[in-house]
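Single-letter residue listing:
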Amino acid sequence: MTSVDTSRFREALLEERGRVMAAIQNLHDDHPGSISDETGEDAVFDNHLADTATETYDRELDYTLEENSGHVMSEIEAALQRIEAGTYGICTNCGKQIPEERLEALPWATLCIDCQRQRERG
């Protein structure tokens, strides 16, 4: 079993963590308060229903993006911990080496492609 160049993947993970943190901060900057704060306290009731619906949809989309970014951030942090523990690049299901091609595509991967496919099939 060949070992993975963890320093290269550590750098990739740190870069991705920075991008995710910036994306989360951007979402916070775009919507710092509630819908009422953004549109005016009474505007939720005064605006046309379609305007309020659009604002609500945009806000829900941003919440979903932020939640997904939070999940990615957790996976990145876990991958960095695996690097420190010396278990990075090892499939958590079968114990085999995860191919570098997979780690290049998804540096926080915990499963080799075969185990991932098996999990997705149920």
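Refer to the preceding data block for the structure.
Fair warning: this is a prediction, and the values are worked out from it, not measured in the lab.

Asker: I'd like to hear about the overall build of the protein chain, residue by residue, with values.
Answerer: Counting its secondary structure elements, the protein chain contains six helices and zero strands. Traced from its N-terminal end to its C-terminal end, the protein chain shows the element sequence α-α-α-α-α-α. Burial status across the protein chain gives 25% buried among its 122 residues. Accessible area for the protein chain stands at about 8,200 Å²; split by element, carbon and sulfur atoms hold 50% of it.

Asker: Any chance you could break down helix H1 (residues 6-30) for me, citing the residues and the numbers?
Answerer: The end-to-end C-alpha distance of H1 is 36 Å, a good match for the 36 Å that 25 residues give at a rise of 1.5 Å each. Among the residues of H1, Phe9, Leu13, Val20, Ile24 and Leu27 are the ones counted as buried. On the buried face of H1, the contacting elements are helix H4 (49-85) and helix H5 (100-105).

Asker: Tell me what's going on with the packing of aromatic side chains, and back it up with residues and numbers.
Answerer: Taken as a whole, this structure holds one aromatic pair when the rule is applied. Both rings, one in Phe9 and one in Tyr88, keep their centres 5.7 Å apart while their planes meet at 45 degrees; by these two values the pair is tilted. Of this pair, Phe9 sits in helix H1 while Tyr88 sits in the loop between H4 and H5; the two residues are 79 residues apart in sequence, bridging distant segments of the chain. Tyr88 carries the same exposure label as Phe9, and that label is buried.

Quick notes on the rules
Residues numbered from 1 in each chain as written. Predicted model: local features only at pLDDT ≥ 70, side-chain atom pairs only at ≥ 80, totals over all residues. Heavy atoms only, no water. Helix = DSSP H or I, 4+ residues; strand = E, 2+ residues; numbered from the N terminus. Buried < 20%, exposed > 50% of the residue type's maximum accessible area, 1.4 Å probe, protein only. Areas by Shrake-Rupley, 256 points an atom, 1.4 Å probe, with all protein chains shown as cover. Expected span 1.5 Å × (residues − 1). Contact = heavy atoms within 4.5 Å. Phe/Tyr/Trp six-rings, centres within 6.5 Å; stacked < 30°, edge-to-face > 60°.

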